[in-house]
Amino acid sequence: MICERFASGKSILHSADPRVKILLAVLYAFVTVGLESQEGQILALLGGLLLVMAARLSLKEIFRRLFVVNLFVMMLWLILPWATTGSGIVNWGPIIITFEGINLAFSITLKCNAIILANLALLSTSTIFSLAHALAHLRVPSKIVQLIFFSWRYFHVIDSEFHRMNQAIKIRGFKPGSNLHTYRTYGHLIGTLFIKSLERGESVQKAMLCRGFDGTFWLLSHFRLRPSDICLVGLATAYLFFVIGVEWSPWR
Amino acid sequence: MHISEGVLIAPVLLAGGGAAMLGLAIGLRRMDVQEIPKVALLTAAFFVASLVHIPIGPSNAHLVLNGIIGIMLGWTAFPAIFIGLVLQAVLFQFGGFTTLGVNTLNMAVPAVLMGALARPAFRSDSGLSALVMAAVAGAGAIILSAAMVAGSLSLSGDPFIPVSRLIFVAHIPIAIVEGILSVLIISVLLKTKPEVIRNY
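Residues numbered from 1 in each chain as written. Chains lettered and ligands numbered in written order. Predicted model: local features only at pLDDT ≥ 70, side-chain atom pairs only at ≥ 80, totals over all residues. Heavy atoms only, no water.

> Provide a residue-level description of the overall build of chain B, including the pertinent values.
The helix and strand inventory of chain B stands at 8 helices and 2 strands. Moving toward the C terminus, one meets the helices and strands of chain B in the order α-α-β-β-α-α-α-α-α-α. Rg of the C-alpha trace for chain B: 16 Å, near the compact-globule value of 16 Å for 200 residues, within the 12% margin. Across its three principal directions, the C-alpha atoms of chain B cover 50 × 40 × 30 Å. (Helix = DSSP H or I, 4+ residues; strand = E, 2+ residues; numbered from the N terminus. Rg over C-alpha atoms; globule rule 2.2 N^0.38 Å.)

Structural data, given as structure tokens:
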């Protein structure tokens with residue numbers, strides 16, 4: 001079961017305005033992706049770590065998440081060092097490990113993890129509902145916000161529906177394997193899931209029409225910028241300017 | 001099928017983001033506000049289905065089902081896939097803001113294309129041609145997505161070319177399984193509630 005594991009807590013970042021957190025996360029990601037110097041990338045990773053510490057998230061859980069996301073990066077480490085042309089460090093017959101290749105893999109690792117850490121600290125400390133609410137206040141098209149709201153609201157309903165059916169097939173002795181029987185079972189399971197979701201969607205739609213839904217998304221809770229939010233924005237942007245400064249400085 | 005943050009170069013990210021935004025705008029325009037609950041419920045169902053791991057030989061893979069998304073939603077596949085990716089980014093940190101555009105594009109373009117290709121077959125009464133087109137759409141969407149992922153990696157520099165070849169080859173067995181599953185899913189839909197795919 002998926003839950004918003006980091007969303008409850010009492011740190012500065014948990015209580016910060018979600019609008020501010022979304023904007024900062026976007027800014028952080030775009031600045032980090034553009035960094036070309038290794039010094040800048042290391043500073044971005046450090047910034048991510050600082051944010052995670054400020055959010056007081058469980059380090060064990062953070063490492064578990066990082067591991068899963070880094071599987072793609074690990075695949076790059078297996079290939080990039082010999083696939084990049086440049087000055088060789090190690091020569092194993094036809095395979096030449098180059099300095100440039102290792103550098104490329106290293107800088108991807110730094111940037112990727114810096115962004116993940118910042119996202120964990122800034123976004124995962126809010127619930128999806130409050131993030132969607134913040135998106136509405138940030139003038140994201142109402143249809144997108146409503147889709148996020150409804151998808152997340154009904155995700156749990158559909159997920160438990162799926163688990164109920166999954167238990168039903170397991171209780172009847174179903175063991176998945178690479179055979180047509182497995183694929184047929186899953187095909188029917190998923191097909192049924194789609195039909196159930198569509199039917200539920202139609203009844204939700206009718207219920208909403210009965211209550212006068214005309215597409216307007218009424219915003220009930222409003223956010224107010226507090227001094228601590230302004231502090232957060234100030235500190236984070238100052239740090240990013242510092243990183244950009246290091247990136248551009250002629251004597252690094 | 002996700003490209004992680006920090007891998008692609010800025011021009012690829014920007015082009016992907018721009019094109020994804022265009023597709024998103026078309027998808028949203030074609031979706032009536034009254035349809036929001038229905039589309040959202042299907043998005044949730046696709047999200048649940050994408051968490052299912054299907055055994056393939058000694059390994060397993062999670063489902064993408066973008067062919068079926070295209071068949072059931074058409075252009076609305078863009079917002080549905082986009083929202084799936086947003087949820088994945090916030091919940092599991094798979095992908096992120098900078099790659100959101102490219103990742104949406106890589107999965108939604110094959111969905112829309114394959115949906116448009118397969119839909120006419122569902123309007124006819126021939127059950128066989130419907131099932132053949134379901135297989136084509138299911139497998140074709142994965143192959144196209146893998147090609148687009150490989151393409152966006154290759155555009156980011158020559159060192160990525162071996163990686164993109166590997167990704168493409170790794171997706172061939174997944175495409176076959178998705179093709180088989182698409183046939184089975186579509187046949188369930190045609191048997192129990194044909195109007196959901198015939199109406200389009």
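So much for the structure itself; the text now carries on.
> Can you explain the overall build of chain A? Please cite residues and give values.
Scanning chain A from terminus to terminus reveals 8 helices and 2 strands. For chain A, the N- to C-terminal ordering of α and β elements is α-α-α-β-β-α-α-α-α-α. Here the C-alpha radius of gyration of chain A, 24 Å, is well above what a compact globule of 252 residues would show, namely 18 Å. Taken along its principal axes, the extent of the C-alpha atoms in chain A is 70 × 55 × 30 Å. Counting the 252 residues in chain A, one finds 49% classified as buried. Taken as a whole, chain A presents about 13300 Å² of accessible surface, with 67% of it coming from carbon and sulfur. Charged side chains in chain A number 24 positive and 13 negative. The centres of these two groups are separated by 10 Å. (Buried < 20%, exposed > 50% of the residue type's maximum accessible area, 1.4 Å probe, protein only. Areas by Shrake-Rupley, 256 points an atom, 1.4 Å probe, with all protein chains shown as cover. Lys, Arg positive; Asp, Glu negative; His and termini not counted. Charge placed at Lys NZ, Arg CZ, Asp CG, Glu CD.)

> Describe the pairing of strand β2 (residues 95-98) of chain A, with residues and values.
Every regular strand shows the same layout, with side chains that alternate between the two sheet faces. All names here are of chain A. Judged from the 4 bridges that link them, strand β1 (residues 88-92) and β2 form a sheet pairing that is antiparallel. Bridging across to β2, Trp-92 finds its partner in Ile-95. Counted along the chain from β1 to the antiparallel partner β2, the turn is 2 residues long, and its residue Gly-93 has a positive phi close to 60°. (Pairing = 2+ DSSP bridges.)

> Just give me the short version of helix α1 (residues 18-34) of chain A, but keep the residues and values in it.
Here α1(A) contains 17 residues, and its C-alpha end-to-end distance of 24 Å stays within 8% of the 24 Å for a straight helix at 1.5 Å per residue. Among the residues of α1(A), Pro18(A), Val20(A), Lys21(A), Ile22(A), Leu24(A), Ala25(A), Tyr28(A), Ala29(A), Val31(A), Thr32(A) and Val33(A) are the ones counted as buried. Tucked inside the fold, the buried residues of α1(A) contact α2 (38-55), α4 (99-122), α5 (128-137) and α8 (227-248) of chain A together with α1 (10-30) and α5 (97-123) of chain B. (Expected span 1.5 Å × (residues − 1). Contact = heavy atoms within 4.5 Å.)

> Describe in detail the interface of chain A and chain B, supporting the description with residues and values.
At the interface, 73 residues of chain A touch 67 residues of chain B. Summed over both partners, the interface of chain A with chain B comes to about 6200 Å²; 83% of that surface belongs to carbon and sulfur atoms. At the boundary of chain A with chain B, the tally comes to 2 salt bridges. A salt bridge links Lys193(B) to Glu199(A); the nearest nitrogen and oxygen atoms lie 3.6 Å apart. Seen at the junction of chain A and chain B, the total is 6 residue pairs in polar contact (both at pLDDT 80 or more). (Buried area = accessible area lost by both parts, 1.4 Å probe. Salt bridge = Lys/Arg side-chain N within 4 Å of Asp/Glu carboxyl O. Polar contact = N/O pair within 3.5 Å; in protein donor to acceptor, adjacent residues only side chain to side chain.)

> Residues and numbers for a nonpolar patch on the surface, please.
Residues and elements named next belong to chain A. A cluster of nonpolar side chains, Ile-42, Leu-46, Leu-49, Trp-77, Trp-82, Ile-89, Val-90, Trp-92, Ile-95, Phe-99, Ile-102 and Phe-106, forms an exposed patch at the surface whose accessible area comes to about 1100 Å². Only α2, α3 (59-83), β1 and α4 provide two or more residues apiece to the nonpolar patch. Tracing the sequence through the fold places Leu-49 in helix α2. (Patch = residues over 30% accessible without salt bridge, like charges linked within 9 Å, V, L, I, M, F, W, Y side chains within 5 Å.)

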